[in-house]
Structure formats: C-alpha cells, structure tokens
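Descriptive analysis of the structure
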Amino acid sequence: ERDHWYDSPLGSDGSIQPNYEMTARLVALNEKIPISRLQSTAKVALALYRPYWWYRNLETRFPYDYLSELKETFSGISRDLSYLKIDYQIIDIETSELEECDLIIIPSAEFMSAEVQQKIVNSVKSGKKVILYGQVPHFDLQFKKCNILYKFLKLKSSVNKELAQGEGREIG
C-alpha cells in the first residue's frame with residue numbers, strides 16, 4: 001500500500017485526479033524521448049553522497065548519529081529551492097561532472113572519500129561556489145586520516161552544533 005498520495009494522478013480510492021492528463025502526456029512523451037537522455041540546464045546542484053545514506057541504514061547510529069539530520073536538511077533545501085522557484089538538479093557527487101554547475105550544495109560528515117574531497121577542492125579552485133552543510137571531513141571512507149578539504153578550507157567543525165573555526169575567525 002502506498003503511503004504518499006499527494007499530487008498523485010490517481011487518488012487512494014482510484015479516482016482520476018486533475019493532473020492525470022498531464023502525467024499521461026509525460027508518459028507518452030517518455031516513450032518517444034527517453035527521460036534518461038535529457039540533460040538539466042540548472043546551474044544549482046544539490047549533491048547526494050551515497051555513503052552517508054548507506055551508513056544511515058546500519059543498525060548503529062553511533063558515532064555519526066547526526067547523519068539523519070543531513071538527510072532532513074537535504075529534503076528541506078530541496079523543498080526551499082522549489083518554493084523559491086530556483087531551477088536545480090540533484091547530482092551524485094561521486095559520479096557527476098561539476099563543470100556545468102555554478103553553485104553546489106553538498107552534505108558533509110566527518111568522513112568522505114579522498115577523491116570526493118579533491119573533487120570539491122578542484123571545483124572551488126575553478127571558481128565554483130560550494131556550500132557544505134554538516135561537518136568538515138577528516139577521515140576517508142576507511143576511516144583513515146584524510147584532511148584534503150580541511151587543509152584547503154583551513155576550517156574545522158565540531159559535532160556540538162557550534163560555529164566553525166577557521167584561521168582565528170568564526171564562520172556561521
């Protein structure tokens with residue numbers, strides 16, 4: 001049984017909703033032009049980082065229990081961008097090319113692969129605007145010391161929801 005019926009083309013009782021015709025036309029169009037071939041022109045990207053979502057599915061939350069807050073924040077940012085009518089795309093930070101994006105909003109925890117940290121550094125160096133929310137990573141995915149992003153940003157954070165410290169200044 002479905003849990004979410006909001007804006008569905010069919011109601012929970014099977015009745016046809018006002019957006020049914022539009023949905024039917026989109027399905028017919030998809031048969032002619034597969035959606036997978038379309039490319040976004042959005043210059044704002046909201047990044048997914050799959051290891052954080054995988055970690056959330058583990059039985060334990062300790063010591064990274066704040067990862068559930070990253071998911072809630074992701075949903076909130078997505079909703080806010082939609083309300084503000086800002087065209088954005090959702091990208092997988094591990095596999096996506098970031099050249100087309102002017103602004104990239106990225107979840108960040110205490111662990112992140114060296115490759116993704118370097119990709120973020122390269123994006124900033126090439127003039128992209130990056131917003132990190134969460135913690136500045138200092139471990140890779142094997143939980144070995146990895147300070148690529150920390151060293152580049154000259155920024156450290158704490159899990160106590162305090163302001164970050166960077167080169168003797170507070171950053172909010």
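Computed from a predicted structure; not experimentally measured.

So, the layout of surface pockets
What the second largest pocket holds in volume is close to 210 Å³. Along the wall of the second largest pocket there are 13 residues; nearest its centre are Ser 40, Gln 89, Glu 97, Glu 100 and Cys 101. Its residues assigned to classes, the lining of the second largest pocket comprises 4 nonpolar, 5 polar and 4 charged.

With respect to the pairing of strand E2 (residues 88-92)
Within E2, 4 of the 5 residues are buried, which leaves the element mostly enclosed by the surrounding structure. Here strand E1 (residues 44-48) runs beside E2; their pairing, made up of 5 bridges, is parallel. Within E2, the residue paired with Leu 48 across the bridge is Asp 92.

Examining unusual backbone geometry
A positive phi angle, near 60°, is found at Phe 143, a position not held by glycine. Inspection of the secondary structure assignment puts Phe 143 in the loop between strand E4 (129-134) and helix H5 (148-153). One non-glycine residue, Lys 154, lies in positive phi territory at about 55°.

About the cut-offs
Residues numbered from 1 in each chain as written. Predicted model: local features only at pLDDT ≥ 70, side-chain atom pairs only at ≥ 80, totals over all residues. Heavy atoms only, no water. 1 Å grid on protein atoms, 1.4 Å probe; cavity = no way out; pocket = protein on both sides within 12 Å on 5 of 7 lines; lining within 4 Å. Points joined across faces, edges and corners; volume = space filled by probe spheres on them. Nonpolar A, V, L, I, M, F, W, Y, C, P; charged D, E, K, R; others polar. Buried < 20%, exposed > 50% of the residue type's maximum accessible area, 1.4 Å probe, protein only. Helix = DSSP H or I, 4+ residues; strand = E, 2+ residues; numbered from the N terminus. Pairing = 2+ DSSP bridges.

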